[in-house]
Amino acid sequence: MNYPLYIRSAPTENELKFHYMVHTSLDVVDEKISAMGKALVDQRELYLGLLYPTEDYKVYGYVTNSKVKFVMVVDSSNTALRDNEIRSMFRKLHNSYTDVMCNPFYNPGDRIQSRAFDSMVTSMMIQVC
Amino acid sequence: MADAALFEFLHMEMVAELWAHHSDPGPGGTPLLTLLRQIFSREHRTSLYAVLGQKMSLSVLEGMGFRVGQALGERLPQETLAFREELDVLKFLCKDLWVAVFHKQMDSLRTNHQGTYVLQDNSFPLLIRMASGPQYLEEAPKFLAFTCGLLRGTLSTLGIKSLVTASVASLPTCKFQVVIQKT
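Residues numbered from 1 in each chain as written. Chains lettered and ligands numbered in written order. Predicted model: local features only at pLDDT ≥ 70, side-chain atom pairs only at ≥ 80, totals over all residues. Heavy atoms only, no water.

**Some details on the overall build of chain B**
Inclusion rule: Secondary structure counts use DSSP, requiring at least four H or I residues in a row for a helix and at least two E residues in a row for a strand, with both numbered from the N terminus. Whether a residue is buried, partly exposed or exposed follows from its accessible area with a 1.4 Å probe, protein chains only, as a fraction of its type maximum: under 20%, in between, or over 50%, in that order. Two residues form a contact once any of their heavy atoms are found within 4.5 Å. Computed with the Shrake-Rupley method and a 1.4 Å probe, the accessible areas treat only the protein chains shown as cover for residues.
Looking only at helices and strands, chain B has 5 helices and 4 strands in total. Each helix and strand of chain B, ordered N terminal to C terminal, gives the series α-α-α-α-β-β-α-β-β. Counting over 183 residues, chain B shows a buried share of 42%. Of the contacts made within chain B by residues no fewer than 6 positions apart, 62% connect residues no fewer than 24 positions apart. With the model as given, the accessible surface of chain B reaches about 10,100 Å², and the carbon-plus-sulfur share is 60%.

**Notes on the sheet that holds strand E3 (residues 69–75) of chain A**
Residues and elements named next belong to chain A. Which entries qualify depends on this criterion: One requirement defines pairing of two strands: DSSP has to find at least two bridges between them. Only the contacting stretch of a helix is used when fitting its axis, a line to C-alpha atoms as for every element, and angles between N-to-C directions run 0 to 180 degrees.
In spatial order, the strands read E1-E2-E3; together these 3 strands make up an open sheet with antiparallel pairing. The open sheet has two free edges, formed respectively by strand E1 (47–53) and E3, since each of these has just one partner strand. In this sheet, neighbouring strand axes are inclined to one another by 25° on average, regardless of whether the strands run parallel or antiparallel. As defined by bridge partners, strand E2 (residues 57–63) adjoins E3 across 7 bridges and the pair is classed as antiparallel. The residue bridging Val63 from the neighbouring strand is Lys69, located in E3. In the packing of helix H2 (residues 83–102) onto the sheet, the strands contacted are E1, E2 and E3, and the crossing angle to E3 comes to about 140°.

**Brief notes about the sheet that holds strand E2 (residues 116–121) of chain B**
Residue and element names in this part refer to chain B. In spatial order, the strands read E1-E2-E4-E3; together these 4 strands make up an open sheet with antiparallel pairing. Two strands bound the open sheet, and with one partner strand each, they are strand E1 (108–111) and strand E3 (162–170). Ignoring strand direction, the axes of neighbouring strands in this sheet form an average angle of 20°. In terms of strand pairing, E3 meets strand E4 (residues 173–180) through 8 bridges, oriented antiparallel. Of the residues in E4, the one forming a bridge with Ser162 is Ile180. Of the strands in this sheet, E2, E3 and E4 are in contact with helix H5 (residues 145–157), which crosses E3 at around 150°.

**Quick notes on the packing of H2(A) against helix H3 (residues 115–128) of chain A**
For any two helices packed against each other, one specifies the crossing angle of their axes together with the interaxial distance. All names here are of chain A. Definition in use: Small angles under 35 degrees read as roughly parallel and large ones over 145 as roughly antiparallel, with 65 to 115 read as roughly perpendicular and the rest as oblique. We call Asp, Glu, Lys and Arg charged. Ala, Val, Leu, Ile, Met, Phe, Trp, Tyr, Cys and Pro are nonpolar, and the rest, Gly among them, are polar.
One can describe the packing of H2 onto H3 by two numbers: an axis separation of 10 Å at closest approach and a directional angle of 170°. In this view, H2 runs roughly antiparallel relative to H3, as classed from their interaxial angle. Judged by residue contacts, Met89, Lys92, Leu93, Ser96, Tyr97 and Val100 of H2 engage Phe117, Met120, Val121, Met124, Gln127 and Val128 from H3. A class-by-class count of the residues in the contact of H2 with H3 yields 9 nonpolar, 2 polar and 1 charged.

**Observations concerning the packing of helix H4 (residues 86–102) of chain B against H5(B)**
Residues and elements named next belong to chain B. Put simply, the rule is: Definitions for this section: a left-handed crossing has its near helix turned counterclockwise from the far helix by less than a right angle. A right-handed crossing has that turn clockwise.
Close contact between H4 and H5 brings their axes to 11 Å; oriented N to C, the two are set at 130°. Taken together, H4 and H5 sit at an angle that is classed as oblique. By crossing handedness, the relation of H4 to H5 is classed as right-handed. For the pair H4 and H5, contact is made by Val89, Leu90, Phe92, Leu93, Leu97, Trp98, Val101 and Phe102 and by Thr147, Leu150, Leu151, Thr154 and Leu155, respectively.

Written out as structure tokens, the structure is:
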């Protein structure tokens, strides 16, 4: 059962389109996770890489050991963004999510309302856009 | 080194604090206690309060351990690769979790390969200062409740629903039994 803990987009027009893309990409994430379980190759990385390319966007995925999924949608025209930069963005997201989990005032499963998490995401989006 | 002592003292105080209220409940109390007061006579009441109170304190301790376990389940495996199967998760509990919290590894892990695991610690740090042998055996459960919750919480974050119980035959050796709940 997948439900969003946190979702944010910029620019904010056409937000629903981004929400829809993230939702459909979850199927691809689930495919990759189950493929990982059966793989004979020692492929157990958390970073899932490019999930699927569309004409306008590239979608990247990352899954934690606790099966929390991070999905990132980036404009295709942004060719300057390289793989290791995407990886480091996911690592930052993972670290901030872990901090949220360790906050005693946070109830696991709730929507994330931490301001610290918000400002980390904002600064990351500003750097890219 | 000081970190280990800090957690041990905190844990001791948690148990002591939760048990301090069991001797004399007083005229107040929850609606449940008021109702029971009316049903049962005086002689039966004290022991009933004691049993109820103890059950509640044990579940409070277990609940605290559970929340801490949930957070540790997110923080500790952060840099490690994805777990391939259930046994890997249990090994993670015995090595990484135990070292992070108790600065030692679990001494043995056994399984029936059908969802039940027994984790044995031959010198459990929370019991080791108490006794060495059968003394204080009745007191041991309260010092294990938090840790049972800790195991259950970590398993829960890693996607495994379980039931964790602990048993002591002779301090400071204790066994944690983890039974995986199939949904």
